[in-house]
Each structure stands twice: as C-alpha cells, then as structure tokens.
Amino acid sequence: MASTLPEPHHDSRSAQQEARPPSDGAARVESHGIDHIPEDERHGHPRQLFSVWAAASVNYLSLVIGGALILMGLTLWQALAVIVVGNLFWLLTGLLSISGPSAGAPSEVITRAMFGIRGNRVNNAVVGWMISVCYFALNLAAAATAAFSLVEKGGIPASTGVKIVVVLVIAAVTLTIGVYGHGMIMKLYLPLTLVLTAVFAVVAVCVFRHTDFSYAPAEPLSGTGLWTALIAGVTLIGSGPLSYTTSADFSRYLPRTTSARSIVGWTALGGFLPSVAVCSLGAFAATAVDMTDPQSGLQKILPGWFDPFFLFALVLGTIAINALTSYSAGLALQAVGVRIRRSLSVIADGTAAVSLTLYGLLVSNFLDTVSNVLQLTVVLLGPAMAIYATDILLRRNRYDGPTLMDETPGSPFWYTAGVSTAGALALAGGVAVAALCVDTLYTGPIAQALGGVDLALPAGIVVASLLYAILLRSTGGGDTRHLPA
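Sequence order as written defines residue numbering, which begins from 1 separately in each chain. Local features in this predicted model are restricted to residues whose pLDDT is 70 or higher, and side-chain atom pairs enter the listing and the counts only when it is 80 or higher, whereas totals over whole chains, interfaces and linings include all residues. Hydrogens are left out, water is left out, and the side-chain values use all remaining heavy atoms of the structure.

Chemist: I tried to follow the overall build of the protein chain on my own but got confused; where do I start?
Modeler: For the protein chain, the helix and strand inventory stands at 21 helices and zero strands. Across the 485 residues of the protein chain, 58% fall into the buried class. Residues count as neighbours in contact if any of their non-hydrogen atoms are within 4.5 Å of one another. The long-range fraction of contacts in the protein chain, counting pairs at least 24 apart against all pairs at least 6 apart in sequence, stands at 85%. Note on areas: Shrake-Rupley with a 1.4 Å probe; residue coverage comes only from the protein chains shown. Accessible surface computed for the protein chain: about 18500 Å², of which carbon and sulfur atoms make up 66%. Each helix is a run of H or I in the DSSP string that is no shorter than four residues. Each strand is a run of E no shorter than two, and both are numbered from the N terminus. Burial here depends on accessible area, computed with a 1.4 Å probe over protein chains only, as a share of the maximum for the residue type. Under 20% is buried, over 50% is exposed, and the range in between is partly exposed.

Okay, structure coming up:
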C-alpha cells in the first residue's frame, strides 16, 4: 500500500538540511501543525509507534472497562473473548496510520479527500474535536480519581478545592506534552511504557493469586440477554481503538517509503497487546473483588506498600493517553479553520476538557458516564473510521500531501461547493443506521425490535463503508484519479 508518487528531488543542500535540528525535537515546541511535512524532515522507524500506543493503552479506564464486563453478567471466559474481539479494532487504527507517511499530513487533513474542504471542517469539528475533548475529559476524570486517593494517602483530605487543584495539575502536565508535540511524545513514551509495564506486572501477580478462573455469575445469561451483553461489551472495548481516527498524526513524520505492513503491525500490536492485558486484569480482579469501585476493590488484593505506586501508575498511564488526545484535538481545531498556533489550540482544548472533567467528577456518576459515552460515540466513530479505511484501500494509499493543503475552490478536493457527496452521504447513512440500532442512553427502533441487542457498531461500519465505495464511483463524489479501474 506504499505510495507510488514520484520521490522528491534531493539537491546539494541535503547535508545542510540534515544538520539542522529537527522541527519536532523533543526539547522544543513542535513547529508544524496541520501543514505538510517535507521529505527532508522525515525520520524515525515504525517500531517507535509500538511504545506510543502501548503507553497510551496501559491505563485506569481499561481496568474499569474490563471489570465492567463481569458486572454486566458475563462469565470470565466470555469476558476474555469479548476483550480479544473488541481489541481487534486496533487493526483499523493501524490501517489508518499508513496514510500519514504517504501524505506527510495528519489525519485531520487527509480526510479532506473523503469529505471535501468544507465538509471536512464539519467532520473535524464533531468527530475530531468534540469527541477528542470528551475522551480527554473522561480519561482526566479517571486519572483524577486515582490522584485523589494518592493525595489522601499523603494526609491531605480530598476536599472540593483540592480536587480542582489536582485536576488542574494533571491537565497541566498532560498539556505540556501535547504542546511540545510529536518529538516529546516519541521521546517519552518508551520509558513510560517500561515503567507502566513493570508496575502492572506486579498488579498481575497479585490479581492472579486471587482470580477465580472458573467464575460464573449466580444467574448466567442466555439467549437475547447474553447476546446483548456480548455485543455491548465488544462495543465498549472497541470504542477505544475506534476513537483513534487520527492515528496518522503520529506516523506522518516517517519517510514516505516506510513499509505499510510495519506501520500497521507496530501500531496495532502497540494498542492490542497492552489493552488485552490490562482489560483482562480488570476482568480477573472482578471475579474476586467488587469492581464497581475499582480502586477500593483492588486495594484489597494489592500489598499496602505497593498501593501508592499503583495509583501513580494509573495517573501516569492516563496522562500518556490524554497527551495523544490533546495533540490530535489541537490539530483538529486548526483543521476546522481556526487560525491559531497548534500549541495554543492544545491549551484551548485542555480548557474545555477540564470543564467537562470537573462536571463529570463533581456532578455525575463516573462509571455510568463512561459506559454511556463510550457506547454512544461509536455511532459517529464507527462510520467515520470505516469511510477513512475504505478510502485508503480504494486509493491504494496514494495521497498527495501538497495538493491536500490547497483549500481554494480550485482544489481537486473542493468537489461540490466544498463537500464530497460520497463522503457526506456515506457518513450520514452510517450514522443514521447506527443511531437506529443504539441501546444505551436511548433505545433505537431496531434495537427495540431485537430485544435490546445493540448492533450500532457493526451496522454503522458496514453501511458507511459500502455506501462510500458505491457512491465514490457512481457520483464522482471524490477524486478518483488514483482509484483502480
């Protein structure tokens, strides 16, 4: 799937260009935003993507979701099967990431090929920015709950004022990484992965000692009830990798000739392996302790001396995932058309997320909020990712980065009044069908007819992908110059 566009010309200035400090050095604020990355500034190896996604996948939210599967009434082995199936969506995250080196641009720009210049601004406003801010808030809330316990162990009561300060401190650390950008992320995430792996290895030993490997609920689910829980579980797990429709943001600095298979493999493995491991730990723990309050439950099986290390690791892992989210949200805000430096856009996103976090922690029930939001966002995320993946396959990953930067009516991606008919109708169709199948904050008519079985995720993906493939060819709603005959 590697690009077959002609290689850029390298002249006698190459040696001088190589001597310049990289534009995304770890110790400096990244200079690039949504603009094209020239070939002479590309560097790195796809294996670096493993630690980026691994560090982001070892987090408290994964423990919560793993335990929630048992609370939903599944047996241990049913929960483990759901965890594996749901995390297979990391393959889609990996597929999307190959478009980064091909275009030398972030996902927020590449999707202009699918939705048009103006249509993509709307797409970025909703699927890119709004949902990223919601995920930032959810993960920040998860980190904060662990940090509150850590503060109390230090003898400081977690009053409302203290909670607000803790949230602000965690957000500040997270946003600092996001502001420094790509180079800082690439530098930090390998040591972060090693630290988090060491801590969770200790957690795993403690959890395994107490796990009931033959666990089954007192009243096992069957029939429609079982299928409802299984599909809801896959949706919960799958919402994680599906939220990364922006994976090209972190691969776009790789040379254009980088192996597509390596990019897919390292990205998918970096997300899949730790996500399966941490979600499974949550499920294992739920067979022995009450995971409606994961922190209190796990404290019963972890040694007392280790508790502060565990809580710190929960905070650290969530900072890792949120730094990626804030980085992409900043790019999305630029892609919407807000003329602002990337570093400032990251701070603006963080401000919005902190406000949502304080509401989620001080007003609503955290676990219910997590479940409802994650299940509802797949109505948008599933179809959006399906269209993106379909476009990559149809174009054979051939994207012209400089052309994608052209936002004028003369751009080949202007389409009709700035909107791609194929992309807009496919996304609308996929979202509409998914909305009819939802059974979370409300019950759609299809879900109601099926006795509560929520097929929003598979239905939205399949419908959006098929509609896009058909409409792209039949309506001329896309730039078909690189599509196979």
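Chemist: What's the story with helix H4 (residues 76–87) in this structure? I'm lost.
Modeler: Note: α-helices contain 3.6 residues per turn, so residues at a spacing of three or four share the same orientation. Between its first and last C-alpha atoms H4 spans 17 Å; for 12 residues at 1.5 Å apiece the expected length is 16 Å, and the two agree. Looking at H4, one finds that the buried residues are Leu-76, Ala-79, Leu-80, Val-82, Ile-83, Gly-86 and Asn-87. All buried residues of H4 project into a common sector of 160° when viewed along the axis, lining one side. As for H4, its buried residues are in contact with helix H3 (60–71), helix H5 (90–97), helix H12 (223–242) and helix H13 (260–286). To estimate the expected span of a helix, subtract one from its residue number and multiply by 1.5 Å. Arc definition: directions from the helix axis to the C-beta atoms.

Chemist: When you look at the packing of helix H2 (residues 48–57) against H13 in this model, what are you seeing that I'm missing?
Modeler: To describe two helices that pack against each other, one gives the angle between their axes and the distance between the axes. Here the axes come from fitting lines to C-alpha atoms, over the contacting stretch only for helices, and the angles between their N-to-C directions go from 0 to 180 degrees. Contact geometry for H2 and H13: axes closest at 8 Å, N-to-C directions at 25°. On the basis of the axis angle, H2 is roughly parallel to H13. Here H2 runs over H13; the crossing is right-handed. Packed against H2, whose contacting residues are Leu-49, Phe-50, Trp-53, Ala-54 and Ser-57, the element H13 presents Ile-263, Trp-266, Thr-267, Leu-269, Gly-270, Gly-271, Leu-273, Pro-274, Ser-275 and Val-278 at the interface. Following the grouping adopted for this structure description, the nonpolar residues are Ala, Val, Leu, Ile, Met, Phe, Trp, Tyr, Cys and Pro, the charged ones are Asp, Glu, Lys and Arg, and the polar ones are all others, Gly among them. Considering only residue class, the contact of H2 with H13 consists of 10 nonpolar, five polar and no charged. Every angle not falling under 35 degrees, over 145, or within 65 to 115 is termed oblique; those three ranges are roughly parallel, roughly antiparallel and roughly perpendicular. Note on convention: near helix rotated counterclockwise from far helix by under a right angle means a left-handed crossing. Clockwise means right-handed.

Chemist: Would you explain helix H21 (residues 456–474) in this entry?
Modeler: When the terminal C-alpha atoms of H21 are compared, their 26 Å separation across 19 residues agrees well with the 27 Å that a helix rising 1.5 Å per residue should span. Among the residues making up H21, those that are buried are Ala-456, Leu-457, Ala-459, Gly-460, Ile-461, Ala-464, Tyr-468, Leu-471 and Leu-472.

Chemist: Honestly, the environment of Ala-320 in this entry has me stumped. Any pointers?
Modeler: Following the sequence through the fold, Ala-320 ends up in helix H15 (residues 307–336). Using a relative accessible area of 0% as the deciding quantity, one classes Ala-320 as buried. Sequence spacing of Ala-320 and Ala-55 is 265 residues, and the spatial spacing of their C-alpha atoms is 6.1 Å. Those residues in contact with Ala-320 that lie beyond four places of it in its chain are Ala-55, Ala-56, Tyr-189 and Leu-192.

Chemist: For this particular structure, what's the right way to read the packing of H5 against H13?
Modeler: Contact geometry of H5 with H13 gives a least axis separation of 8 Å together with a crossing angle of 150°. Classified by the angle between their axes, H5 and H13 sit roughly antiparallel to one another. By crossing handedness, the relation of H5 to H13 is classed as right-handed. When H5 is examined against H13, the residues Trp-90, Leu-91, Thr-93, Gly-94, Leu-95 and Ser-97 are found in contact with a partner set consisting of Ile-263, Val-264, Thr-267, Ala-268, Gly-271, Phe-272 and Ser-275.

Chemist: It is not clear to me how the nonpolar core should be interpreted in this structure. Could you clarify?
Modeler: Soluble, globular proteins show a tendency: their nonpolar side chains are buried together. Residues grouped as a nonpolar core are buried Ala, Val, Leu, Ile, Met, Phe, Trp, Tyr and Cys residues, joined through side-chain atoms within 4.5 Å. Counting residues in hydrophobic clusters, the biggest one holds 135 residues, and the most contacted among them are Ile-110, Met-114, Tyr-189, Phe-200, Leu-298 and Phe-310. It is helix H9 (residues 117–153) that provides the largest number of residues to this core, a total of 14 residues. Counting residues in hydrophobic clusters, the runner-up holds six residues, among them Ala-434, Cys-437, Val-438 and Ala-459.

Chemist: Can you walk me through the pattern of salt bridges in this structure?
Modeler: Any two side chains of opposite charge can pair if their charged atoms end up close together. Whenever a carboxyl oxygen of Asp or Glu lies within 4 Å of a side-chain nitrogen of Lys or Arg, that contact is scored as a salt bridge. Summed over all chains, the structure comprises seven salt bridges. With a shortest N-O distance of 3.1 Å, Arg-252 and Glu-30 are connected by a salt bridge. Remark: Glu-30 occurs in the loop between helix H1 (14–19) and H2 and Arg-252 occurs in the loop between H12 and H13; sequence separation between them is 222 residues. Across the pair, Glu-30 and Arg-252 agree in class, each one buried.

Chemist: How should the packing of aromatic side chains be read in this particular structure?
Modeler: Only Phe, Tyr and Trp rings take part, Trp by its six-membered ring, and two of them pair if their centres are within 6.5 Å. Stacked means planes under 30 degrees apart, edge-to-face means over 60, and tilted covers everything else. Within the structure shown, the criterion is met by 13 aromatic pairs. Pairing Trp-53 with Phe-250 gives two aromatic rings, centres 5.6 Å apart and planes at 90°, and the pair type is edge-to-face. On the criterion of sequence distance, the pair formed by Trp-53 in helix H2 and Phe-250 in the loop between H12 and H13 is long-range, its members being 197 residues apart. The same class applies to Trp-53 and to Phe-250, which are both buried. An aromatic cluster of at least three residues, connected via ring pairs, comprises Trp-53, Trp-90, Tyr-244, Phe-250 and Tyr-327.

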